[in-house]
Amino acid sequence: MFILFNTTLWAQNRTITGIVTSGVDQAPLPGVSVLVKGTSTGTTTDEKGRFTLSVPEKAVLSVSYIGFLSENVDVGKQTNLSIILQSDTKSMDEVVVVGYGSIKRGDLTSATAHVGPKDFRQSGARNAMDLLQGKVAGLQVTRSGSNPNSGVSIQLRGATSIMGGNSPLIVVDGIPGGNMDLLQQEDIESIDVLKDGSAAAIYGTQANGGVILITTKKGKPGQTRFDYANYFRKEFVQRQPKFLSADEYRKKMEDGVFTGTDGGANVNAFDELINKDNISQYHTLAISGGGENNSFRASTYYRNLEGIAKENGRQEYGIRANFNGKGLNDRLNTSVNLVTNYNNANLLGGGGWEWAYTRNPTQPLKNADGSWYYEQTTTNEVARLYEEKYRRQQQTSSLDGKVSYMFLDGLNGSVFGSIQRNSYTDSYYASLNSEPSFKNGNGYKGEAEQTSFLRTDYAFEPTIDYKTIVNEDHSITAVAGYSYRRSVEQGFDAKNFGFSSDVLEDNKLQTGNALIDGKAEMNSNKWDSKLIAFFGRANYSYKGKYMFQGIYRREGSSRFGANNKWGNFGSVSAGWNISAEEFMKEVSFVDDLKLRAGYGVTGNQDIGNYNSLVTLGTGNFYIFPEGENGIWRQTYGPNRNPNPNLKWETKKEFNIGLDFSLFNGKLGGSIDAYKRVTDDLLGEYKSQQPPFIRDFLVTNVGQLSSKGIELTLTASVIQTDKVTWRTDFIASSNSARMDSFSNDVYKVSYRDFGSIGGAGALGDAFRVMEGGKLGNFYGKRFAGFSEDGKWLFYKKDGSAVPFDQINDSRTDLENTDLAVIGNAIPKFYASWNNTITYKNFDLRVFFRGRFGYDVLNTTELSYGNRVALPNNVLESAFTKHEALSDTYMYSDYYIESGSFVKLDEVTLGYTFKLNTAKLRNFRIYVTGQNLATFTSYSGADPDFILDNGFGNEINGRRLGLDPRDPYPSTRSFLVGLNIGF
């Protein structure tokens with residue numbers, strides 16, 4: 001809380017004025033209670049947040065408002081006060097969005113988390129999910145690097161499926177499957193996370209991975225407000241692998257270490273791929289306001305993100321508009337949201353790092369005549385940046401509306417509808433001097449391709465809700481509704497070769513010679529899916545002490561078999577407000593104490609379309625005896641077995657939790673423990689022929705279980721007029737096991753995941769056994785090196801032998817010498833945030849980390865071995881791995897601890913307190929991100945290594961495998977500005 005302005009000395013009682021605003025968005029707060037402490041004299045603020053009050057000398061004002069921390073204000077000699085109330089994120093009166101409605105935190109009976117703007121990260125989020133990294137216990141948000149065109153991997157409470165999706169359902173302003181490209185940080189009001197099955201069951205087969213509900217800012221009645229924000233960010237490379245320089249490489253050749261070619265140059269190809277002049281910027285302007293019966297908010301933005309890599313960035317601009325209106329004596333409420341986003345992305349750069357590290361650094365990038373130097377076995381990634389283009393033009397739009405009518409007091413009917421449209425066109429062209437022009441084998445020069453994509457999502461959801469209080473003790477709320485969703489996706493791709501000029505690039509595909517020769521390429525596709533549901537939820541509270549909730553959803557999906565189109569999902573949960581009991585009245589240090597327990601059943605239908613049906617694929621061309629010379633015709637045949645019994649996965653979850661607030665709000669938080677079991681896992685199994693046509697079938701087999709615990713703590717360490725210090729600590733732990741891969745028909749005792757790739761045909765890194773943990777590395781156990789540098793490994797009996805004497809069978813489980821050699825899933829996650837204010841300054845320091853897990857260092861495996869020469873190698877090939885003189889081997893020799901603690905974000909801000917009605921808010925800040933990482937891991941930044949899933953590929957990455965070509969880790973610095981007037 002801050003108090004401003006000049007002073008005037010009065011005798012006895014005097015009249016003061018003031019304004020009370022929100023510390024979240026600086027909006028005026030109407031209806032705030034302002035009392036002279038120790039008296040009954042007081043008032044409330046008007047619709048503009050202003051108040052007038054007669055006070056005695058040395059008066060202290062007690063200022064309170066629901067959902068905000070109360071403040072005691074020493075009036076002193078001031079006559080005009082400006083008071084800012086900070087949001088009480090743990091208040092039991094805080095409203096939390098729970099899906100098809102909202103509820104006070106004090107009435108919650110399930111595991112949820114609420115994150116507001118003041119808790120968001122301040123480092124310029126590329127994606128709305130970046131705002132939540134380290135902010136919600138049990139929620140893992142992982143990036144592969146700072147590539148502006150990359151997304152995030154999201155997982156809540158661990159993996160729940162092998163073949164199906166594991167990510168939470170995203171709902172934006174009621175739109176299921178909301179598009180993240182349409183969200184900007186300054187437009188988000190709050191994010192609520194439904195973590196357990198008892199909360200998420202309202203969304204049925206979409207909610208196995210949990211639900212994230214995002215609410216955007218809306219206009220408020222009152223004078224028109226303008227809010228402008230911007231930032232500028234600069235990134236710098238940090239933590240890159242140490243390969244030999246050109247001079248070091250040349251010296252090794254001169255010393256006879258290996259035989260190679262000295263190209264006579266000194267080239268650092270990595271530097272040639274780096275955009276050292278990168279500057280990213282963001283600007284947004286929002287206008288909001290309204291009258292007695294309507295309100296509006298409209299915002300526009302421009303964002304230019306430049307990656308640390310050359311030819312790697314995206315420029316975006318868009319608008320968002322919200323209109324709300326009331327009529328018919330306030331019985332009719334309407335709301336309309338319109339948002340569109342344009343994205344021009346440069347997709348060409350951002351790769352080629354492995355080539356840059358491992359190429360001969362003495363070899364020039366160009367020939368003596370100035371042409372590019374090309375090799376048959378590699379790609380000149382620098383030449384690509386000059387001779388090729390790869391760009392995306394994308395538009396994403398969304399329109400939704402809601403009409404509600406109050407038929408009777410407490411009884412409302414609503415109709416909600418939305419449409420989302422995401423379309424893009426990718427344009428690729430390789431010039432006549434490009435590498436593809438010299439390597440295509442057909443003599444064609446120039447290559448052009450265009451790809452188009454369109455997805456449209458429709459939603460229609462009418463609901464009825466009812467609220468009543470009976471005899472002042474019994475509170476009842478209920479909602480029932482119908483949901484219809486349809487998604488349609490289609491794509492088209494055309495490619496041609498052999499152009500006479502680069503002038504037209506990909507804008508005249510038909511001019512390529514390959515089309516004339518019948519060697520051009522063309523593809524198209526289209527699919528759709530439907531989801532229909534009937535649902536209901538009822539909540540009951542007795543005197544605010546005992547709360548009960550029940551949910552039921554019956555849902556049908558077009559993705560499943562004819563015999564299992566529909567499924568039933570639901571939950572029950574209860575809460576006990578212990579602090580409201582008479583026996584707690586004497587326990588003065590307890591403000592709120594509530595026990596929760598819930599059980600919920602959700603499903604998973606996040607698999608590809610048509611898996612339950614027989615589908616046809618193309619075969620060869622055959623000549624049919626038609627006409628004089630016959631006609632060549634395309635043939636078709638079944639490429640999938642039908643399964644009319646295919647159905648959703650079912651997750652059953654039990655959660656017990658405790659919410660608490662102690663010492664007058666000085667300490668608060670929650671503890672949750674859960675156990676979840678997923679049955680009827682979706683997977684692909686070998687099928688018998690006959691009766692089946694193909695040798696595989698998508699079906700439901702197996703069971704996966706997990707358990708965990710989550711802790712959230714918030715403490716107000718210091719709270720004075722000048723200094724405040726709030727600290728937040730979040731921690732979670734999860735353990736998952738594969739109970740079964742089999743049933744009476746299909747028998748599988750294990751599955752392997754995580755292809756290591758690279759030289760040596762090293763196979764898969766992970767094995768998931770029936771009854772075993774997820775994420776187990778499975779392979780040879782390193783026993784040392786022989787005198788001549790050959791590998792030694794442990795046999796099952798503990799003896800150390802050369803590789804050719806171990807049993808490395810992956811199928812003979814009783815006799816194999818292979819074993820579990822590590823685990824890639826962290827045992828613990830933790831984050832620690834500190835927010836300190838001193839007068840007008842604010843400081844935020846944010847740490848986070850992962851603990852108790854392992855990483856396979858594939859860069860060391862491939863290039864920490866001198867056998868890779870004459871490719872460039874790591875310096876460690878001659879130091880750490882000096883004793884090695886043998887081929888590539890996968891074993892625990894290359895498995896390292898990935899545990900780390902990261903100083904992830906430091907923000908220092910200053911808010912100018914200006915006594916003017918024209919300028920409501922003025923704050924500047926600087927932020928440093930990824931400032932320091934404390935870890936024993938020797939490879940790239942462990943934070944960017946995937947920490948979820950089974951080991952199957954997710955966005956080009958695999959669990960626990962540090963890739964050989966990671967996007968460079970960067971440290972960034974940002975300066976930003978917020979102005980409200």
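Just so we're clear, the structure is a prediction, and the values are computed from it rather than from any experiment.

Draft legend 1. Looking closely at the overall build of the protein chain. Looking only at helices and strands, the protein chain features eight helices and 53 strands. Seen through its C-alpha atoms, the protein chain measures out along the principal axes to roughly 100 × 70 × 65 Å. Per-residue burial for the protein chain yields a buried fraction of 53% across its 981 residues. When contacts within the protein chain are restricted to residue pairs at least 6 apart in sequence, long-range pairs at least 24 apart make up 69% of them. Of the roughly 42,800 Å² of accessible surface on the protein chain, a fraction of 54% belongs to carbon and sulfur atoms. For the protein chain, the distance from the average position of its 104 positive side-chain charges to the average position of its 108 negative side-chain charges is 4 Å.

Draft legend 2. Fine view of the UniProt feature "domain: TonB-dependent receptor plug" (unreviewed entry) in the protein chain. UniProt records the feature "domain: TonB-dependent receptor plug" (unreviewed entry) for residues 107-211 in the present numbering. Summarising residues 107-211: 4% helix, 27% strand, and an end-to-end C-alpha distance of 19 Å.

Draft legend 3. Representation of the side chain of Asp728 in the model. Within the secondary structure, Asp728 is located in strand 37 (residues 723-740). Look at Asp728 and you get buried, because its relative accessible area is 13%. Polar contacts involving the side chain of Asp728 include one to the side chain of Thr714, which spans 2.9 Å. Contacts of Asp728, omitting those with residues within four sequence positions, involve Leu713, Thr714, Ser831, Trp832 and Asn833.

Draft legend 4. Highlighting the nonpolar core. In terms of nonpolar packing, the biggest core is built from 69 residues, with Met738, Phe777, Leu856, Tyr890 and Phe950 touching the most fellow members. Every element with two or more residues in this core is listed here: helix 2 (246-254), helix 3 (269-273), helix 4 (353-358), helix 5 (381-387), strand 37, strand 39 (764-769), strand 43 (791-794) and helix 8 (858-863).

Draft legend 5. Representation of the pattern of salt bridges in the model. Enumeration over the complete set of coordinates arrives at 53 salt bridges. Here Arg384 ties to Glu381 by a salt bridge, and the two come within 3.3 Å at their closest N and O atoms. Of this pair, Arg384 and Glu381 are both found in helix 5, three residues apart, which corresponds to roughly one turn of the helix. Taking the shortest distance from any N to any O, the salt bridge between Lys594 and Asp659 comes out at 3.9 Å. With Lys594 in strand 29 (residues 590-604) and Asp659 in strand 32 (residues 649-662), this pair connects stretches of sequence that are 65 residues apart. Assessed through its relative accessible area of 1%, Lys594 is described here as buried. Sharing partners across several salt bridges, the network here consists of Arg121, Arg848, Arg850, Lys902, Asp904, Glu905, Asp941, Asp943 and Asp947.

Draft legend 6. Here's a closer look at the environment of Ala824. Along the chain, the position of Ala824 falls in the loop between strand 45 (819-823) and strand 46 (828-838). On the basis of relative accessible area, Ala824 is assigned to the buried category, the value being 1%. Along the chain, Ala824 and Ser33 lie 791 residues apart, while their C-alpha atoms are 53 Å from each other. Look past the residues within four positions of Ala824 in its chain and what remains in contact with it is Phe766, Gly775, Phe777, Tyr853, Asp854, Leu959 and Gly960.

Draft legend 7. Geometry of the environment of Lys519. Assignment of secondary structure puts Lys519 in the loop between helix 7 (513-516) and strand 26 (521-542). Separated by 421 residues in sequence, Lys519 and Ala940 have C-alpha atoms that sit 42 Å apart. When residues no more than four places from it in sequence are discounted, the contact partners of Lys519 are Asn442, Tyr444, Phe497 and Ala514.

Draft legend 8. Region of the structure containing a nonpolar patch on the surface. Judged by side-chain polarity, Phe232, Ile279, Tyr838, Phe841, Leu908, Val926 and Val975 come together as a nonpolar surface patch covering roughly 600 Å² of accessible area. The topology assignment puts Ile279 in the loop between helix 3 and strand 18 (280-290).

Draft legend 9. Layout of the packing of aromatic side chains. Using the criterion set out here, one finds 44 aromatic pairs in the structure. Aromatic ring contacts, followed pair by pair, group Phe782, Phe785, Trp791, Phe793, Phe803, Tyr893 and Tyr894 into a single cluster. When the ring centre of Tyr424 is taken as origin, the NZ or CZ atom of Arg392, which lies over that ring, is 3.8 Å away. It is Lys780 that lies over the ring of Phe793; its NZ or CZ is 5.7 Å from the centre.

Draft legend 10. Structural view of the side chain of Asp842. Relative to the helices and strands, Asp842 is located in strand 47 (residues 841-851). Looking at Asp842, its side chain comes within polar contact range of the side chain of Arg923, at 2.7 Å. Aside from chain neighbours lying at most four places away, what touches Asp842 is Ile836, Thr837, Thr907, Leu908, Gly909, Tyr910, Thr911 and Arg923.

Draft legend 11. Geometry of helix 2. All buried positions along helix 2 are accounted for by Ala246, Tyr249, Arg250 and Met253. Along the axis of helix 2, the buried residues cluster in a sector spanning 95 degrees; they form a single face. The first or second residue beyond helix 2 is Gly256, which carries a positive phi of 80 degrees.

Draft legend 12. Up close: the sheet that holds strand 2 (residues 33-36). Overall, antiparallel pairing links the four strands, which are arranged 3-2-5-6 in an open sheet. The open sheet is flanked by strand 3 (42-44) and strand 6 (71-74), the only strands paired with a single partner. Between one strand axis and the next, the sheet turns by 20 degrees as a mean value, whatever way the strands run. Bridging between strand 5 (residues 60-64) and strand 6 involves four bridges; their strand directions are antiparallel. What sits directly across from Val60, in strand 6, is Asp74.

Procedures and definitions
- Residues numbered from 1 in each chain as written.
- Predicted model: local features only at pLDDT ≥ 70, side-chain atom pairs only at ≥ 80, totals over all residues.
- Heavy atoms only, no water.
- Helix = DSSP H or I, 4+ residues; strand = E, 2+ residues; numbered from the N terminus.
- Buried < 20%, exposed > 50% of the residue type's maximum accessible area, 1.4 Å probe, protein only.
- Contact = heavy atoms within 4.5 Å.
- Areas by Shrake-Rupley, 256 points an atom, 1.4 Å probe, with all protein chains shown as cover.
- Lys, Arg positive; Asp, Glu negative; His and termini not counted.
- Charge placed at Lys NZ, Arg CZ, Asp CG, Glu CD.
- UniProt positions renumbered as here; feature names shortened; annotations may be inferred.
- Polar contact = N/O pair within 3.5 Å; in protein donor to acceptor, adjacent residues only side chain to side chain.
- Core = buried A, V, L, I, M, F, W, Y, C linked by side-chain atoms within 4.5 Å.
- Salt bridge = Lys/Arg side-chain N within 4 Å of Asp/Glu carboxyl O.
- Patch = residues over 30% accessible without salt bridge, like charges linked within 9 Å, V, L, I, M, F, W, Y side chains within 5 Å.
- Phe/Tyr/Trp six-rings, centres within 6.5 Å; stacked < 30°, edge-to-face > 60°.
- Lys NZ or Arg CZ within 6 Å of the ring centre and 35° of its normal.
- Arc of directions from axis to C-beta.
- Pairing = 2+ DSSP bridges.
- Axes fitted to C-alpha atoms, helices over the stretch in contact; angles between N-to-C directions.

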